[in-house]
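Structural description and commentary
Residue-level listing of the chains:
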Amino acid sequence: MNTSQPIPEHAESSSIKVAQRRADLAVEGAPPAFDTALHVGGPNVGDRDLFMRHVGEMFDRRWFSNNGPLVQEFEQRLCKELGVRHCVAMCNGTIALEIAIRALGMEGEVIVPSYTFVATAHALHWQGITPVFADIDPHTHALDPDAVRRMITPRTSGIIGVHLWGRPAPANELQAVADEHGLHLMFDAAHAFACTYQGKKIGSLGRCEVFSFHATKFFNTFEGGAVTTNDDELAEAMRLMRNFGFAGYDNVVHPGTNGKMVEICAAMGLANLDAVHDIVNVNRRNHELYTSHLRGVAGVSILPMAEGEESNYQYVVLQVGEDATTTRDQLVEILQAENILARKYFWPGCHRMKPYRDLFPNAALMLPETTRIAERVIVLPTGTHVSEKAVASICSIIRVAVNGH
Ligand SMILES: *Cc1c(COP(=O)(O)O)cnc(C)c1O
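All of these numbers come straight from a predicted model, not from anything done at the bench.

Once that is clear, we can look at the site of the ligand. Surrounding the ligand, one finds 14 residues, the nearest of these being Gly-93, Thr-94, Asp-188, Ser-212 and Lys-217. Between the ligand and Gly-93, the relevant distance is 2.8 Å, taken from an oxygen atom to a main-chain nitrogen or oxygen of the residue. With respect to the ligand, the side chain of Ser-212 contributes an N or O atom lying 2.7 Å from an oxygen atom. If the ligand stood free it would expose 380 Å²; the protein chains cover 92% of that surface. Taking a 2 Å distance to the grid points as the criterion, the majority of the atoms of the ligand fall inside the largest pocket. For the shell around the ligand, the secondary structure elements donating two or more residues are α3 (93-104) and α4 (119-125).

Laid out in structure tokens, this is it:
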């Protein structure tokens, strides 16, 4: 992002509320902290002029889809950015997951966390595969490799790890489990663009990794996704599958689908790529502010990002402890009354959503940590639309809600 386009701050009054006692809270009748809804995330927008230039050229070429020059350039840029051989851009992250699952030949049962966005499970279900939910490590919110081991049956064909919140899943340990049992391992990296695992950009772990570039994600192409891999054959198979299986004009060699990314989405991606660094900086600033403002507030804590790794800091995850004087749900209500649209994320867990509850009515028995974490988490607003003052205000409200002062 160039300096002539400063990152816009959310429109807010100069005297933004700092709560000091319960009477200052909107639930007690005080005016709300924000006049308009403050969402957990707003779309990150990079260089609009560059986007418009790409779109102008696209109209001049009259080439809108079918592996156009912008998609090709976008894929090459991502390969470089992520240090991976192949990037296959797709129309969204869910189709990218489905195509990756198909291309790997997964079948029967595949082990996934329940504590994830429901698309991770749906992508399997939609391919006729049974998602089997394994528990998470409560400190990292990622799959627990020992819990994965416990869920393996003769029908298991693979594992999908999720880099939730941009925190890397324990890839080496999961790879060891996969190798012991001859399973495919891939990752849902929808949250993890520009994040690292052991110092290297996420994108080449397992057999492949799947990104989402949905408007709400750290890096967006309006809607979009991609699979990245160092496996030449797998990449080739996925390229065929995303385009109906066409190997040439009249030659269909795969039962494919339509997973293509369109040119205008690639234009958005190219315009946003250069802004990644600036957006990380704003997100990191907000994350550090939340962490320091809430340090010492009994009963609540911000989930830290993985130590020694780079992160996009896209999610500010507040955990409400069992010792807090306010329940998680009460705190959400208090914040929403202030027009702070803090959200429970991935609650109540995929295993408690109807399609999967019907499949596994007793799944919760194997998912104690998932159940606990899903009941404690609140995701707080961050991004370029959330100013330092807004973070201070939100933290003052949380402090008063939890501590009374
Ligand atoms: C957003 C998301 C997806 C789905 O991506 P879409 O691009 O919205 O289809 C899959 N998994 C996780 C963990 C996500 O957050």
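Evaluated as defined, the whole model comprises 19 aromatic pairs. When the centroid spacing of 6.3 Å and the interplanar angle of 70 degrees are considered together, the rings of Tyr-115 and Trp-165 count as edge-to-face. Of this pair, Tyr-115 sits in the loop between β3 (109-113) and α4 while Trp-165 sits in the loop between β5 (156-162) and α6 (171-181), placing them 50 residues apart in sequence. On the accessibility criterion, Tyr-115 (1% relative accessible area) is buried. Note on Phe-193 and Phe-213: the rings are 6.1 Å apart at their centroids and 85 degrees apart in plane angle, and the pair reads as edge-to-face. With a gap of 20 residues between them, Phe-193 in the loop between β6 (184-188) and β7 (196-197) and Phe-213 in the loop between β9 (209-212) and β10 (225-229) connect regions that are remote in the sequence. A single burial state applies to Phe-193 and to Phe-213, both of which are buried. Through pairs of rings, three or more aromatic residues link up here, namely Phe-74, Phe-193, Phe-211, Phe-213 and Phe-219. Its guanidinium or amino end placed over the ring of Phe-117, Lys-217 lies 5.8 Å from that ring's centre, counting from NZ or CZ. Note that Lys-344 overlies the ring of Trp-347, its terminal NZ or CZ placed 4.3 Å from the centroid.

Definitions and limits used
Residues numbered from 1 in each chain as written. Predicted model: local features only at pLDDT ≥ 70, side-chain atom pairs only at ≥ 80, totals over all residues. Heavy atoms only, no water. Near = heavy atom within 4 Å. Polar contact = N/O pair within 3.5 Å; in protein donor to acceptor, adjacent residues only side chain to side chain. Areas by Shrake-Rupley, 256 points an atom, 1.4 Å probe, with all protein chains shown as cover. 1 Å grid on protein atoms, 1.4 Å probe; cavity = no way out; pocket = protein on both sides within 12 Å on 5 of 7 lines; lining within 4 Å. Sits in = over half its atoms within 2 Å of the grid points. Helix = DSSP H or I, 4+ residues; strand = E, 2+ residues; numbered from the N terminus. Phe/Tyr/Trp six-rings, centres within 6.5 Å; stacked < 30°, edge-to-face > 60°. Buried < 20%, exposed > 50% of the residue type's maximum accessible area, 1.4 Å probe, protein only. Lys NZ or Arg CZ within 6 Å of the ring centre and 35° of its normal.

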